[in-house]
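Residues per chain are reported as follows:
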Amino acid sequence: MIKPKFYFQISTSSGVPIYRQIIDQVKTQIATGRLEDGVFMPSVRQVAEELAVNPMTVSKAYSLLEKEGVLEFVRGQGMMVRPSAISKKSLQKREDDIVPILKEVVTKAEQLSLEKEKVIKLFESLWKETKDG
Amino acid sequence: MDNSVIDIKSLRKNFREKEILRDLSLSVPKGSIYGLLGRNGEGKTTLIKCILGLLKPSSGQLAVLSDDPWRFSEATKENLGYVPQSDRLYPWLTVRQIIDYTASFYRRWNDRLIEKLIKEWEINLEDKVGLLSVGQAQKVSILLSLGHEPELLVFDEPVASLDPGARRQFLKTILEILSDRACTIFFSTHITSDLERIADRVAILKQGSIALSGELDTIKEEVKRLRIITQKPMAADLKLEGLINWEATAKEAIVSLRGFKPELKAYIEKNWQAKVEIEDLNLEEIFLELSR
């Protein structure tokens, strides 16, 4: 059983109710492949204590996700991401998502007169750092 | 209702001529984390003292754990836990002594729970109470309110004197208490972000009565701010149900209202030939809209 790391981040300054924020984040992460099929979600208690939010809020989010067929309750093991619950975004779509951010990086690099090679080097070392955790 | 731990109808409390609470009604369901939100001076502490039987209501009906607070039975008192805004613990006692002293008032006292919490909260039993930091002293106060395993826990502004780190710790503590055993928590605060995290129900107190109460999620879904842009001049009187505030110029109105339903957008757009933008509000914004 793989326990995913904590991916949720909630904001109390947002007008969106917390259970909605959790639902949206689970769905996005499934769509982007960060939460993989068959992976078990952290327990309600774990999420509640980690985020310091009411457990009822977390279980409300989970049970709505279960109703929508995104998660599946497995006896004794908890909530599992249902295989192919949400159609994965195509590679094209995922690329489209990152292009605007990269464009910003290019512009910023120009403004700071940083050479392309230098930025790519920085990118590579950051990539490695993040991947190695 | 059988399911409510606190049930208040038309409560009024006067201090001589001054009316502090008026026509206040409130119902706290069993097992909820209920947050009472209000500015300083709106009557939060007065309400809490009425609930605990420390003040006698001028009129109205009040039931706490199905008992009358002014004539609480011994049994009811044993099911109540209270942490006041600032607890004056005896400064010359050690933590161990004050726990033993408090325990001696109760027939039921869960030593194992207290031991567990002392370990988890890193409290030193031999420390003098008077020398504890604000955060540590508050933990001790909470500890003393938990030993007899109350069904209802009441906190008056529990986080007001804590720094952000200690506040977060306190929220976690509340969640731990609840995950260990079922009880109801009622607490007052003016810090909306804390309520937003852990409360499942809230009531907003304004000038001595409840301006809005209910499930937090529902409140956030149903209280919205709308920006209405029209081509035609705006009607002089906006007749919308649940209107809280509105401001209008010639072609634009900013309206806050409760009881919002998605259909309302289409309705306004059709009937007023307008464009409607919907803005989500967080609890603080809702609170501010209501106290304008």
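Bear in mind that the values here come from a model prediction, so they are computed numbers and not experimental data.

Calculation criteria
Residues numbered from 1 in each chain as written. Chains lettered and ligands numbered in written order. Predicted model: local features only at pLDDT ≥ 70, side-chain atom pairs only at ≥ 80, totals over all residues. Helix = DSSP H or I, 4+ residues; strand = E, 2+ residues; numbered from the N terminus. Buried ≥ 20, exposed ≤ 12 C-beta atoms within 10 Å, placed from the backbone. Contact = placed C-beta atoms within 7 Å. Nonpolar A, V, L, I, M, F, W, Y, C, P; charged D, E, K, R; others polar. Domains from an automatic or database assignment. pLDDT = per-residue confidence, 0-100. Expected span 1.5 Å × (residues − 1). Pairing = 2+ DSSP bridges. Axes fitted to C-alpha atoms, helices over the stretch in contact; angles between N-to-C directions. Parallel < 35°, antiparallel > 145°, perpendicular 65-115°, else oblique. Left-handed = near helix turned anticlockwise from the far one by under 90°.

**Q** Explain the overall build of chain B residue by residue, including any values.
**A** Across its full length, chain B holds 10 helices and 13 strands. On the principal axes, the C-alpha backbone points of chain B span a range of 75 × 40 × 35 Å. Counting across all 292 residues of chain B, residues that qualify as buried make up 36%. Expressed as a percentage of contacts within chain B between residues at least 6 apart in sequence, the contacts between residues at least 24 apart total 69%.

**Q** Go over the overall build of chain A with me, naming the residues and quoting the values.
**A** Broken down by element type, chain A carries 5 helices and 2 strands. The N-to-C order of helical and strand elements in chain A reads α-α-α-β-β-α-α. Looking at chain A residue by residue over its 133 residues, the buried ones come to 22%. Looking at chain A alone, contacts between residues at least 24 apart form 58% of all its contacts between residues at least 6 apart.

**Q** Residue-level account of the interface of chain B and chain A, with values.
**A** It is common to give the size of an interface as the accessible area lost on bringing the parts into contact. Contact with chain B, which involves 18 residues of that partner, is made by 15 residues of chain A. Every element with two or more residues in the side of chain B that touches chain A is listed here: helix H6 (164–180), helix H7 (192–198) and helix H8 (216–222) of chain B. For the side of chain B that touches chain A, the element with the most residues is H6(B), which contributes 5 residues. Of the residues in the side of chain B that touches chain A, the class split is 6 nonpolar, 3 polar and 9 charged.

**Q** Please give an account of the domain arrangement of chain A that cites residues and values.
**A** Domain parsing of chain A yields domain 1 (18–81) and domain 2 (91–132). With centres defined by C-alpha atoms, the gap from domain 1 of chain A to domain 2 of chain A works out at 31 Å.

**Q** Tell me about the domain arrangement of chain B, residues and numbers included.
**A** Residue and element names in this part refer to chain B. The domain boundaries assigned to chain B delineate domain 1 (4–218) and domain 2 (223–290). When each unit is reduced to the centre of its C-alpha atoms, the spacing between domain 1 and domain 2 is 37 Å. Across the boundary between the two partners, domain 1 contributes 8 residues, which contact 6 residues of domain 2. Mapped onto the side of domain 1 that touches domain 2, the elements with two or more residues apiece are H7, strand S8 (201–206) and strand S9 (209–215). Looking at the side of domain 1 that touches domain 2, its residues break down into 5 nonpolar, 1 polar and 2 charged.

**Q** Any chance you could break down the confidence of the model for chain B for me, citing the residues and the numbers?
**A** Across chain B, the average pLDDT comes to 88, with 97% of residues at 70 or higher. We note a pTM of 0.78 for the whole complex and an ipTM of 0.71 for its interfaces.

**Q** Could you give an account of the environment of Leu144(B), naming the residues involved and the relevant values?
**A** Following the sequence through the fold, Leu144(B) ends up in helix H5 (residues 134–146). Sequence spacing of Leu144(B) and Asp194(B) is 50 residues, and the spatial spacing of their C-alpha atoms is 23 Å.

**Q** I'd like a rundown of helix H1 (residues 18–31) of chain A, residues and numbers included.
**A** Residues and elements named next belong to chain A. The end-to-end C-alpha distance of H1 is 20 Å, a good match for the 20 Å that 14 residues give at a rise of 1.5 Å each. Where H1 is concerned, the buried positions are Ile18, Tyr19, Arg20, Gln21, Ile22, Val26 and Ile30. Directly beyond the C-terminal end of H1, a positive phi value near 85° is found at Gly33.

**Q** Quick one: what's the story with the sheet that holds strand S1 (residues 4–15) of chain B, residue by residue and with numbers?
**A** Residue and element names in this part refer to chain B. A sheet is described by the order of its strands in space; here 3 strands give the open sequence S2-S1-S4, paired in antiparallel fashion. Because the sheet does not close on itself, it has two edges, and the strands there are strand S2 (18–29) and strand S4 (59–64). Taking the axes of each pair of neighbouring strands and ignoring which way they run, one obtains an average angle of 15° across the sheet. Where S1 meets S4, 5 bridges bridge the pair, whose relative direction is antiparallel. By the bridge assignment, Ile8 is partnered in S4 with Leu62.

**Q** Would you mind going over the packing of helix H2 (residues 44–51) of chain A against helix H3 (residues 55–67) of chain A in detail, with residue names and values included?
**A** Residue and element names in this part refer to chain A. Direction vectors running N to C along H2 and H3 enclose 130°, while the axes themselves pass 8 Å from each other. With respect to H3, the axis of H2 lies oblique. Where H2 crosses over H3, the handedness of that crossing is right-handed. Across from Val44, Arg45, Val47 and Ala48 in H2, the residues of H3 making contact are Pro55, Val58, Ser59 and Tyr62.

**Q** Lay out H3(A) with the relevant residues and their values.
**A** An α-helical segment advances 3.6 residues per turn. Residues three or four places apart therefore align on the same side. All names here are of chain A. Helix length check: H3 (13 residues) gives 18 Å between terminal C-alpha atoms against 18 Å at 1.5 Å per residue, within 8%. For H3, the set of buried residues is Pro55, Thr57, Val58, Lys60, Ala61, Tyr62 and Leu65. Residue Gly69 follows H3 closely and has a positive phi angle near 80°.

**Q** Can you explain unusual backbone geometry? Please cite residues and give values.
**A** All names here are of chain B. Here Glu122, not a glycine, exhibits a phi torsion of approximately 50°, which is positive. Although it is not a glycine, Gln207 adopts a positive phi angle of roughly 45°. When you line up the elements, Gln207 lands in the loop between S8 and S9.

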